[in-house]
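What the coordinates show
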Amino acid sequence: MTDLKGEKEILSGFFLDGAKIIFASLVIGIFSPGYTGGKPLLTFFAGIAMTILFLSIAMKISGGYSKEL
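Heads up: these notes are all about the structure in this document. (Residues numbered from 1 in each chain as written. Predicted model: local features only at pLDDT ≥ 70, side-chain atom pairs only at ≥ 80, totals over all residues. Heavy atoms only, no water.)

This brings us to helix α1 (residues 4-28). For α1, built from 25 residues, the straight-helix expectation of 36 Å at 1.5 Å per residue is met to within 8% by its first-to-last C-alpha distance of 35 Å. All of the buried residues in α1 are Ser12, Phe15, Gly18, Ala19, Ile22 and Val27. Along its buried surface, α1 packs onto α2 (40-62). (Helix = DSSP H or I, 4+ residues; strand = E, 2+ residues; numbered from the N terminus. Expected span 1.5 Å × (residues − 1). Buried < 20%, exposed > 50% of the residue type's maximum accessible area, 1.4 Å probe, protein only. Contact = heavy atoms within 4.5 Å.)

Set out below in structure tokens:
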């Protein structure tokens, strides 16, 4: 029998890390001085949407918030 809890933790961690990378590169990245993209507002909102999507997937896999916090 496999360790399903460990696999869920790894998969949810992957999506959580993906959300952090997307947020840093697409949302925070457009405020960098060297940014020369043509549509920064579209990039900003797409980054917000993808970050929310990845965070939602991570929360769904992990089972939500822990009450032990």
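Further notes follow.
On to the pattern of salt bridges, then. For the structure shown, the criterion picks out 1 salt bridge. The residue Asp17 makes a salt bridge to Lys20 at a minimum N-O spacing of 3.5 Å. One end of the pair, Asp17, and the other, Lys20, are both in helix α1, 3 residues apart, so they sit about a helical turn from each other. (Salt bridge = Lys/Arg side-chain N within 4 Å of Asp/Glu carboxyl O.)

So, on to α2. If you check α2, its first and last C-alpha atoms are 33 Å apart, about what 23 residues at 1.5 Å a residue would give, namely 33 Å. Looking only at α2, the buried set comprises Gly47, Thr51, Phe54, Ala58 and Ile61. Note on α2: the residue one or two positions beyond its end, Gly63, has a positive phi of about 100°.

Now for the packing of aromatic side chains. One pass over the structure, following the stated rule, counts 3 aromatic pairs. Relative to Phe45, the ring of Phe44 has its centre 5.3 Å away and its plane inclined at 75°; by these criteria the two rings are edge-to-face. In this structure an aromatic cluster arises from ring pairing among Phe14, Phe15 and Phe54. (Phe/Tyr/Trp six-rings, centres within 6.5 Å; stacked < 30°, edge-to-face > 60°.)

What follows is about the packing of α1 against α2. Where α1 meets α2, the axes come as close as 8 Å, and the angle between the chain directions of the two elements is 165°. Taken together, the axis directions place α1 and α2 in an arrangement best described as roughly antiparallel. Seen along the crossing, α1 lies across α2 with a hand that is left-handed. Across from Lys8, Leu11, Ser12, Phe15, Leu16, Gly18, Ala19, Ile22, Phe23, Leu26 and Val27 in α1, the residues of α2 making contact are Thr43, Phe44, Gly47, Ile48, Met50, Thr51, Phe54, Leu55, Ile57, Ala58, Ile61 and Ser62. Along the lines of polarity and charge, the residues of the contact of α1 with α2 split into 16 nonpolar, 6 polar and 1 charged. (Axes fitted to C-alpha atoms, helices over the stretch in contact; angles between N-to-C directions. Parallel < 35°, antiparallel > 145°, perpendicular 65-115°, else oblique. Left-handed = near helix turned anticlockwise from the far one by under 90°. Nonpolar A, V, L, I, M, F, W, Y, C, P; charged D, E, K, R; others polar.)

Membership of the largest hydrophobic core is limited to 6 residues, which are Phe15, Ala19, Ile22, Phe54, Ala58 and Ile61. Elements with a contribution of two residues or more to this core: α1 and α2. Once residues within four sequence positions are removed from consideration, Ile61 is found in contact with Lys8, Leu11, Ser12 and Phe15. (Core = buried A, V, L, I, M, F, W, Y, C linked by side-chain atoms within 4.5 Å.)

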